[in-house]
Amino acid sequence: MSLKSYQRKFIEFAISQEILSFGSFILKSGRESPYFFNVGKFNKGSALSAIGKFYADVLHDENQLDFDVVFGPAYKGIPLASSTVIALSEHYKKDVPYSFNRKEIKDHGEGGNIVGAPLKGNILIIDDVITAGTAIRESLAIIKENGATTVGIIVAVDRQERGTGEVSAIQQIKQDYDIPVMSIINLDLIIQYLNEKGGYDEHLSNMKKYRDMYGIKK
């Protein structure tokens with residue numbers, strides 16, 4: 001798989017903003033990872049505008065996906081979904097409604113736990129990463145409860161990493177729900193970029209070892 005222009009730009013942007021970092025990081029799983037992707041660092045207007053455009057680029061590239069509403073799971077998915085629909089409108093002339101869920105159900109005003117557009121028709125979920133898949137499964141349940149259909153999921157990074165079994169959380173979601181899960185970039189593309197760019201020999205070696213140890217079977 002060759003790097004597409006927007007994927008290359010995304011990796012370069014993530015590195016320049018220290019969103020994608022290299023070194024030694026202990027993950028929630030207890031694994032020691034040679035890289036870390038922190039979407040929480042998309043914390044400025046310019047960065048949020050950029051990430052929305054990258055998500056929109058993927059959706060434009062995967063133009064066969066038909067969706068009526070973009071859904072952002074609380075909490076990190078909320079700014080990602082809103083920035084994506086802005087980018088779709090500004091760059092691709094596609095005006096799409098969006099909604100997100102509250103963690104706590106509101107018992108006054110409009111009530112309920114959904115904010116924004118009603119969950120009707122075909123829904124696209126936008127989030128940062130899928131680690132264990134718990135939050136995504138909760139979102140899938142919410143969408144089903146509202147009588148809508150999830151037609152796809154898009155995340156920033158696919159770590160292509162096994163969970164407790166032989167498949168990744170993303171692969172498990174695909175198997176269990178039979179829906180496409182897309183990503184802006186994945187571990188293979190990051191390694192490919194570092195290899196092409198040069199100057200990352202130590203990090204590249206560590207990432208390849210990590211992939212050999214924990215990577216999914218393809």
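For the structure itself, consult the block above.
Cut-offs used in this document
- Residues numbered from 1 in each chain as written.
- Predicted model: local features only at pLDDT ≥ 70, side-chain atom pairs only at ≥ 80, totals over all residues.
- Heavy atoms only, no water.
- Pairing = 2+ DSSP bridges.
- Helix = DSSP H or I, 4+ residues; strand = E, 2+ residues; numbered from the N terminus.
- Polar contact = N/O pair within 3.5 Å; in protein donor to acceptor, adjacent residues only side chain to side chain.
- Contact = heavy atoms within 4.5 Å.
- Expected span 1.5 Å × (residues − 1).
- Phe/Tyr/Trp six-rings, centres within 6.5 Å; stacked < 30°, edge-to-face > 60°.
- Buried < 20%, exposed > 50% of the residue type's maximum accessible area, 1.4 Å probe, protein only.
- Lys NZ or Arg CZ within 6 Å of the ring centre and 35° of its normal.

*Asks:* Break down the pairing of strand β2 (residues 32–37) for me, citing the residues and quoting the values.
*Replies:* Relative to β2, strand β1 (residues 20–26) is paired through five bridges, and the arrangement is antiparallel. Bridge assignment links S21 to a residue of β2, and that residue is F36. Between the antiparallel neighbours β1 and β2 lie five residues, among them G30 with a positive phi of about 95°.

*Asks:* How would you summarise unusual backbone geometry if you had to cite specific residues and measurements?
*Replies:* Of the consecutive residues A74 and Y75, the connecting peptide bond is found in the cis state with omega at 5°. With respect to the helices, strands and loops of the structure, Y75 is situated in the loop between β3 (69–72) and α3 (77–92). Residue K93 is not a glycine yet carries a positive backbone phi of 55°. For K93, the position within the fold is in the loop between α3 and β4 (98–106). Phi is positive for Q160, which is not a glycine, with a value near 50°.

*Asks:* Which residues make up the side chain of R31, and what values go with them?
*Replies:* You can see R31 is positioned in the loop between β1 and β2. Side-chain polar atoms of R31 contact the side chain of E161, separated by 2.8 Å. Contacts of R31, omitting those with residues within four sequence positions, involve F25, I26, E161, R162, G163, Y210 and Y214.

*Asks:* Talk me through helix α1 (residues 5–16); I want residue IDs and the actual numbers.
*Replies:* Two residues of an α-helix separated by three or four positions point the same way, owing to the 3.6 residues in each turn. With twelve residues, α1 should cover 16 Å at 1.5 Å per step; its first-to-last C-alpha distance of 17 Å lies within 8% of that length. Of the residues one or two after α1, E18 is the one with positive phi, at around 60°.

*Asks:* Describe the packing of aromatic side chains, and please don't skip the residues or the numbers.
*Replies:* Tallied over the full model, the rule gives seven aromatic pairs. When the ring of F10 is compared with that of F37, the centres are 5.9 Å apart and the planes differ by 40°; the resulting orientation is tilted. Of the two residues, F10 is situated in helix α1 and F37 in strand β2; the sequence distance between them amounts to 27 residues. For the pair shown, F10 and F37 are each scored as buried. Aromatic rings pair up to connect F10, F13, F37, F42 and F54 into one cluster. Note that K94 overlies the ring of F67, its terminal NZ or CZ placed 5.2 Å from the centroid. R159 extends its terminal NZ or CZ atom over the ring of Y35, reaching a point 4.3 Å from the ring centre.

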